[in-house]
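# Geometric and topological summary
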Amino acid sequence: MTGTGALRSIAVVGASLAGLAAVRALRGQGYDGEIVAIGAERHEPYDRPPLSKDFLTGRCAAADLALGDPDEDLAVDWRLGATAVRLDAHDRGITLADGTEIRADAVVLATGARARQLPGTGGLAGVHTLRTLDDAVALRADLAAAERLVVIGAGFIGAEVASSARSLGLDVTVVEALPVPLAGPLGVEMGTVCAGLHADHGVRLLTGTGVARLLGSERVTAVELADGTLLPADVVVVGVGAQPNVEWLAGSGLELAGGVVTDAAGATKLPGVVATGDCAVSFSPYTRRVTRTEHWTHAHEQPAAAVATLLGGTVDNPRREYAPAPYFWSDQYGVRIQFAGHRTDGDAVRIIEGHPDDRSFLALYERDGQFVAALAMNQPKLFTRWRRQLRVPAAAPALMTPGVSA
Amino acid sequence: MTHPVCPLSAIPPGEAYRWAVEPPVAIFHTEDGQVFAIDDTCTHQDASLADGWLEGCEVECPLHASKFDLRTGRVDAPPAKRPVRTHAVEVVDGVVHVTLSTEAPNLPPGPAVADSALTDGAK
Ligand SMILES: Cc1cc2nc3c(=O)[nH]c(=O)nc-3n(C[C@H](O)[C@H](O)[C@H](O)COP(=O)(O)OP(=O)(O)OC[C@H]3O[C@@H](n4cnc5c(N)ncnc54)[C@H](O)[C@@H]3O)c2cc1C
Ligand code: FES
């Protein structure tokens, strides 16, 4: 693969946040050849975060979720409702589910992730996961006629669904297998603070509790916990994480390890193929780890780096690593939670503003006397100032490059 | 109508002041001494631009980093699509005066989340 000039056609697989950002970056970085964007969902690219928040409560409508801008002319051949089922490494041919073959000089993989299911819960009405607009429409309709909701999993999406359902007047119970929700991303101390929001709003949180099974013949009637407790439920939401949509790439020659493995600039093992967003497992110069990041800002920003890699890294448009500190937000019970950086066990947490009991504070995480992450509740201004101070640690080791030269 | 809002000395250069009218207005005092007023609520979703990051004549939203030009309200970086409404500002005898625009504001979808109204429905 040589510079931009050699590329006449580029296929973007996955037409959501990262896919659209890749299309915009292609045009923004001067690529003027053909772009085919393939998306399994029949909807034009839309924004997922509101699905568990304002869309679920009815405060915004489907039209408000559009990511695209009608005034923007990206000259893209959109293939929506089309699922890619195979990628041929040799000629970068993509086969769609209906048998159509698409040949491209280069490919951007942006197939994201899907909700993980709880084994043995399929086919029972009233049981939902939440990843897509269609999921959200179905859940919203079901919640409208329900009184009791059980949410399985107290991660961010589970907590947001609980919050939204509570604001709609439902009786809500959240069941979490871990002793402390969100202890992974936030640590035990701050995970406990965030989990406290449920009790503030009259939502029961049961932690350290596994789910044995769901009861009901056609429609779910209750959740049975591992200790035998029965939680009556009209609706159950399973929020137990997401898994990457990469099975279709098996046999393509790409390295798959819980996602498509890339370096910090989006390059995969195959020349002319980059991966970005929730489907990519990338080396992060910031955390110095290879991780699959499942946050909006990453899927929004990282594609520009992957596209620069694809376009060949010219003097005007150099190859670049995506290196900023990870960032995400979550809105629960009217409280805005923001986190930036990377936490590991043993980090010290220091509150420098406000108090957790007031649900308004800023906490800094420190390691070896260095500031490594920040968490805020309802402190956007102060948080923004601290977030900007998070930089790639000075002694970052050389880039991990899985067999690709740029 | 022109309103006296606050003394300019109350807004250090590089900072912003959130004026609690309906809808709220953000008044920015740039590092090089200029003063601008725009609607405080981001046109994308619910965030206060006065909480954002000011650089030159541009503010970056604290939630998803949309950028707006303070002079024109134009979107310089997505996800926002619609410009933010601007208001005329004048500093008279050290006091910031704002003339509110009569154009319709570009508010984000849904009622602005100002308080616990969102969460108290269950009680
Ligand atoms: C309910 C919800 C709330 C969220 N809230 C927040 C939040 O508050 N803050 C935050 O930081 N992040 C949040 N996120 C995460 C954020 O939305 C994701 O990180 C982001 O959507 C990832 O974008 P993506 O384009 O990489 O993948 P996705 O959005 O998953 O899109 C991938 C697209 O590719 C399509 N696709 C998959 N396989 C194929 C195939 N074989 N062929 C063709 N198309 C295919 C899929 O159908 C999908 O449309 C939330 C996510 C959800 C679901
Ligand atoms: S709320 Fe301002 S960019 Fe999203």
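Predicted model only: the values in this text are computed from it and were never measured.

### Here we look at the overall build of chain B
Secondary structure assignment for chain B yields 0 helices and 10 strands. Seen in sequence order, chain B has helices and strands lined up from the N terminus as β-β-β-β-β-β-β-β-β-β. Within chain B, the fraction of its 123 residues that count as buried is 48%. Across chain B, contacts joining residues at least 24 apart in sequence account for 39% of those joining residues at least 6 apart. Taken as a whole, chain B presents about 5800 Å² of accessible surface, with 52% of it coming from carbon and sulfur.

### Details of the overall build of chain A
Each helix and strand counted, chain A has 8 helices and 26 strands in total. For 406 residues, the compact-globule formula gives about 22 Å, and the C-alpha radius of gyration of chain A, at 22 Å, lands near that figure. Projected onto its principal axes, the C-alpha positions of chain A cover 60 × 55 × 40 Å. For chain A, with 406 residues in total, the buried portion stands at 56%. Restricting to contacts in chain A with at least 6 residues of sequence separation, those with at least 24 account for 63%. Carbon together with sulfur atoms contributes 51% to the accessible area of chain A, which is approximately 16400 Å² in total. Charge separation in chain A, taken as the distance between the mean sites of 36 positive and 46 negative side-chain charges, equals 3 Å.

### Quick notes on the UniProt feature "domain: FAD/NAD(P)-binding" (unreviewed entry) in chain A
Here the UniProt feature "domain: FAD/NAD(P)-binding" (unreviewed entry) sits at residues 9–302 of chain A. Taken end to end, residues 9–302 of chain A is 22% helix and 29% strand, and its two terminal C-alpha atoms sit 21 Å from one another.

### Focus on the side chain of Asp51(B)
Looking at the secondary structure, you find Asp51(B) in the loop between strand 4 (35–39) and strand 5 (53–55). The buried charged residue Asp51(B) lacks any salt bridge partner; its closest oppositely charged side chain belongs to Lys381(A), at an N-O distance of 5.0 Å. In contact with Asp51(B), other than residues within four places in its own chain, are Pro380(A), Lys381(A), Thr384(A), Arg385(A) and Pro62(B).

### Considerations on the site of ligand 1
Residue and element names in this part refer to chain A. Of all residues adjacent to ligand 1, which total 34 residues, the nearest are Ala 18, Glu 41, Arg 48, Lys 53 and Arg 131. Within the backbone of Ala 84, a nitrogen or oxygen atom sits 2.8 Å from a nitrogen atom of ligand 1. Residue assignment for the shell around ligand 1 shows that the elements contributing at least two residues are helix 1 (17–28), strand 2 (34–39), helix 4 (156–167), helix 7 (296–310) and strand 22 (327–332). Classifying every residue of the shell around ligand 1 by side-chain character gives 17 nonpolar, 10 polar and 7 charged. Inspection of the shell around ligand 1 shows a minimum of three residues originating in each of domain 1 (4–114 + 243–310) and domain 2 (117–240).

### Quick word on the interface of chain B and chain A
With 27 residues of chain B at the interface, the matching set in chain A holds 27 residues. Carbon and sulfur atoms make up 51% of the area that chain B and chain A hide from each other, which totals about 2500 Å². Applying the counting rule to chain B against chain A returns 3 salt bridges. The shortest N-O distance in the salt bridge between Glu55(B) and Arg388(A) comes to 3.6 Å.

### Considering the pattern of salt bridges
Residues and elements named next belong to chain A. For the structure on display, the rule yields 28 salt bridges over all chains. Linking Asp 278 and Arg 131 is a salt bridge whose minimum nitrogen-to-oxygen distance equals 3.1 Å. Taken as a pair, Asp 278 in the loop between strand 19 (273–275) and strand 20 (280–284) and Arg 131 in the loop between strand 9 (127–128) and helix 3 (133–144) lie far apart in primary sequence, 147 residues in all. Where Arg 367 meets Asp 347, a salt bridge forms, and the shortest distance between an N and an O atom there is 2.7 Å.

### Examining the packing of helix 1 of chain A against helix 7 of chain A
Residues and elements named next belong to chain A. Between helix 1 and helix 7, whose axes approach to 8 Å, the crossing angle comes to 35°. Crossing angle aside, the handedness with which helix 1 passes helix 7 is right-handed. On helix 7, the residues touching Leu 17, Ala 18, Ala 21, Ala 22, Ala 25 and Leu 26 of helix 1 are Trp 296, Ala 299, His 300, Pro 303, Ala 304 and Val 307. For the contact of helix 1 with helix 7, the per-class residue count stands at 11 nonpolar, 1 polar and no charged.

### What about the sheet that holds strand 10 (residues 148–152) of chain A?
Residue and element names in this part refer to chain A. In spatial order, the strands read 9-16-10-11-12; together these 5 strands make up an open sheet with parallel pairing. Since the sheet does not close on itself, it has two edges, and those belong to strand 9 and strand 12 (204–207), each with one partner. For strand 11 (residues 171–176) and strand 12, the ladder comprises 4 bridges, and the chain directions are parallel. Among the inter-strand pairings, Thr 173 is bridged to a residue of strand 12, identified as Arg 204.

### Some details on unusual backbone geometry
Residue Pro23(B) follows Glu22(B) across a cis peptide bond; omega there is -10°. Of note, the bond from Pro78(B) into Pro79(B) is cis; its omega dihedral lies within 30 degrees of zero at 15°. Looking at where Pro79(B) falls in the secondary structure, it is placed in the loop between strand 8 (75–77) and strand 9 (86–92). Look at Ala75(A): it is not a glycine, yet its phi comes out positive at around 50°. The residue Ala75(A) is located in the loop between helix 2 (54–57) and strand 3 (77–80) in this model.

### Description of the nonpolar core
Grouped together as the largest cluster of nonpolar side chains are 55 residues, with contacts concentrated most on Ile10(A), Leu26(A), Phe28(B), Ile38(B) and Leu49(B). The element best represented in this core is helix 1 of chain A, accounting for 7 residues. Looking at which domains feed residues into this core, each of domain 1 (4–114 + 243–310) and domain 3 (343–387) of chain A gives three or more. When neighbours within four sequence positions are excluded, Phe28(B) is seen to be in contact with Glu15(B), Ala16(B), Gln34(B), Val35(B), Phe36(B), Ile38(B), Leu49(B), Ala50(B), Leu54(B), Val59(B) and Leu70(B). In this structure, Tyr46(A), Leu197(A), Phe361(A) and Val372(A) belong to the second largest nonpolar core, which totals 43 residues.

### With respect to the UniProt feature "domain: Reductase C-terminal" (unreviewed entry) in chain A
In this structure's numbering, the residues bearing the UniProt feature "domain: Reductase C-terminal" (unreviewed entry) are residues 327–390 of chain A. The straight-line gap between the two end C-alpha atoms of residues 327–390 of chain A is 10 Å; of that span, 12% is helix and 58% is strand.

### A closer look at the environment of Ile152(A)
Checked against the element boundaries, Ile152(A) lands in strand 10. The class of Ile152(A) is buried, set by a relative accessible area of 5%.

### Quick look at the packing of aromatic side chains
All names here are of chain A. Scanning the model with the defined rule gives 7 aromatic pairs over all chains in all. Centre to centre, the rings of Trp 296 and Trp 329 are 5.8 Å apart; their planes meet at 75°, and the pair counts as edge-to-face. With Trp 296 in helix 7 and Trp 329 in strand 22, this residue pair connects regions lying 33 residues apart in the sequence. With relative accessibility at 9%, the residue Trp 329 sits in the buried group. On the numbers, 5.9 Å between centres and 40° between planes, the contact of Tyr 327 with Phe 383 is tilted. In this pair, Tyr 327 sits in strand 22 while Phe 383 sits in helix 8 (residues 380–387), placing the two residues 56 residues apart along the sequence. Taken individually, Tyr 327 and Phe 383 each receive the classification buried, so the pair is uniform in this respect. Grouped by ring-pair contacts, the aromatic residues Phe 156, Phe 328, Phe 339 and Tyr 365 constitute a single cluster. Geometry around Tyr 327 places Arg 387 over its ring, the cationic atom sitting 3.8 Å from the centre.

Reading guide: rules and limits
- Within each chain, residues carry numbers counting from 1 in the order of the written sequence.
- Here every chain gets a letter starting at A, and every ligand a number starting at 1, in the order they are written.
- Whole-chain, interface and lining totals are the exception, using all residues; otherwise, since this is a predicted model, local features are given only for residues with pLDDT of at least 70 and side-chain atom pairs are given and counted only at 80 or more.
- Just so you know, side-chain values use all the structure's heavy atoms and leave hydrogens and water out.
- Counting from the N terminus, the helices are the DSSP runs of H or I reaching at least four residues and the strands are the DSSP runs of E reaching at least two.
- Type-normalised accessible area, obtained with a 1.4 Å probe on protein chains alone, sets the label of each residue: buried when under 20%, exposed when over 50%, and partly exposed for intermediate values.
- Throughout, a residue-residue contact means that at least one pair of heavy atoms, one from each residue, lies within 4.5 Å.
- Under the convention used here, a 1.4 Å probe and the Shrake-Rupley method define accessible areas, while residue burial counts only the protein chains that appear.
- The globule rule used here is 2.2 Å times the number of residues to the 0.38 power, and the radius of gyration it is set against is calculated over C-alpha atoms.
- Neither His nor the chain ends contribute to the count of charged residues, in which Lys and Arg are positive and Asp and Glu negative.
- Where a charge lies is defined by one atom per residue type, namely NZ (Lys), CZ (Arg), CG (Asp) and CD (Glu).
- UniProt positions are given in the numbering used here, feature names are shortened, and annotations may be inferred rather than shown by experiment.
- For salt bridges, the criterion is a side-chain nitrogen of Lys or Arg within 4 Å of an Asp or Glu carboxyl oxygen.
- We call a residue near a molecule or strand as soon as one heavy atom of that residue lies within 4 Å of the molecule or strand.
- Nitrogen and oxygen atoms within 3.5 Å of one another constitute a polar contact, given that in protein one can donate a hydrogen and the other can accept it, and given that sequence-neighbouring residues count only through two side-chain atoms.
- Polar here means any residue outside two lists: the nonpolar Ala, Val, Leu, Ile, Met, Phe, Trp, Tyr, Cys and Pro, and the charged Asp, Glu, Lys and Arg; Gly therefore counts as polar.
- Annotation comment: domain bounds sourced from an automatic or database domain assignment.
- Buried area is understood as the total, over both parts, of accessible area removed when two parts are fitted together, assessed with a 1.4 Å probe.
- Between N-to-C directions, angles span 0 to 180 degrees; the directions come from axes that are lines fitted to C-alpha atoms, helices contributing only their stretch in contact.
- By the definition used in this description, the sense in which the near helix is turned from the far one sets the handedness, with an anticlockwise turn below a right angle giving left-handed and a clockwise turn giving right-handed.
- At least two DSSP bridges between two strands are needed for those strands to be called paired.
- The criterion is simple. A nonpolar core is a set of buried Ala, Val, Leu, Ile, Met, Phe, Trp, Tyr and Cys residues joined through side-chain atoms within 4.5 Å.
- Side-chain rings of Phe, Tyr and Trp (the six-membered ring for Trp) are treated as a pair once their centres are within 6.5 Å; stacked means planes under 30 degrees apart, edge-to-face means over 60, and tilted covers the remaining angles.
- A ring is scored as having a charge over it whenever the NZ atom of a lysine or the CZ atom of an arginine sits within 6 Å of its centre and within 35 degrees of its normal.

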